[in-house]
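The primary structure of each chain is shown beneath.
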Amino acid sequence: MAVRTDRDTSNILVLESNALQRSCPSNALQPDEYARFLILSAPLRGKELVLKPGRGRTKWILGSGHGADFVLVDPTLQATHLYIENLSGEWLVTSHPDCWGFHVNNEPVETAVIEHGDRLRVGRFEMIFVGSKPMAVLDDGKEGSRWRRWFRRAS
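Computed from a prediction, not measured in an experiment: that's the story for all the values here.

Basis of the calculations
- What you see as residue numbers is a count from 1 along each chain, following the sequence as written.
- Totals for whole chains, interfaces and linings use every residue, but because this is a predicted model, local features are given only for residues with pLDDT of at least 70 and side-chain atom pairs only at 80 or more, for both listing and counting.
- Hydrogen atoms and water are omitted, and side-chain values are computed over all heavy atoms in the structure.
- To qualify as a nonpolar core, a set must consist of buried Ala, Val, Leu, Ile, Met, Phe, Trp, Tyr and Cys residues joined through side-chain atoms within 4.5 Å.
- For each residue, the accessible area found with a 1.4 Å probe, counting protein chains only, is set against the maximum for its type, and the residue is called buried under 20%, exposed over 50%, and partly exposed in between.
- By the convention used here, residues are in contact when the closest approach between their heavy atoms is within 4.5 Å.
- In this description a helix means any DSSP run of H or I spanning at least four residues, a strand means any run of E spanning at least two, and both kinds are numbered starting from the N terminus.
- Salt bridges are counted wherever a side-chain nitrogen of Lys or Arg sits within 4 Å of a carboxyl oxygen of Asp or Glu.

What follows concerns the nonpolar core. Side chains of a nonpolar character, in soluble globular proteins, are inclined to be buried together. The biggest cluster of nonpolar side chains holds 24 residues, and the ones touching the most others in it are F37, L51, L62, F102, I114 and M127. Contacts of L62, omitting those with residues within four sequence positions, involve L49, A68, F70, L72, T80, H81, L82, I84, V122 and M127.

Encoded structure:
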């Protein structure tokens, strides 16, 4: 919320600290039929990038070019910046080899396995990953995920 101060006649706009918080409604973070990214940064705040599989599709491209599945207009992004891939229920995000990576939970990385609630920063955009509801839960007697959570740091 913007507030103008009465004692200052130079029309300086003062922002309250709560206006700078990047947040979203709590119900927006509930798993749905498809996994998705919820954008937290203006001007696209609240928009969703839905990872809807179709005809065996398990890989999506995020970037600033026309060939990307999700196009974000940002001069700091490459035309093909990130690859997002679903590998048997695990979500793998990898930056293009010509890119400088991205951030997951404020850690600079080039490749990461992401989970529900992880925050990604790609260029000037911050987004949160919202996983999908599991189709069926199979108990194979093993604890944890098939992949252990891992990151490959950006150099």
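Turning our eyes to something else, we now look at the environment of P97. Relative to the elements of secondary structure, P97 occurs in the loop between strand 8 (90-95) and strand 9 (102-104). Take P97: its relative accessible area is 72%, and that puts it in the exposed class. Along the sequence, P97 and H81 sit 16 residues apart, while their C-alpha atoms lie 8.7 Å from each other.

The next point concerns the pattern of salt bridges. Applying the stated criterion to the full structure yields four salt bridges. Residue R124 is joined to D74 by a salt bridge in which the shortest nitrogen-to-oxygen separation is 3.3 Å. You can see R124 sitting in the loop between strand 11 (119-122) and strand 12 (125-130) and its partner D74 sitting in the loop between strand 6 (70-71) and strand 7 (82-87), a full 50 residues away along the chain. Classification of D74 as buried rests on a relative accessible area of 4%. Among the salt bridges present, the one from R119 reaches E126, with a minimum N-O distance of 3.0 Å.

Before going further, it helps to spend a moment on unusual backbone geometry. Following A42, the chain continues to P43 via a peptide bond in cis, the omega torsion being 5°. Structurally, the position occupied by P43 is in the loop between strand 3 (35-39) and strand 4 (48-51). Positive phi outside glycine occurs at S88, with the angle close to 55°. By the secondary structure assignment, S88 is in the loop between strand 7 and strand 8. Here N106, not a glycine, exhibits a phi torsion of approximately 65°, which is positive. Residue classification places N106 among the exposed residues on the basis of a relative accessible area of 59%.

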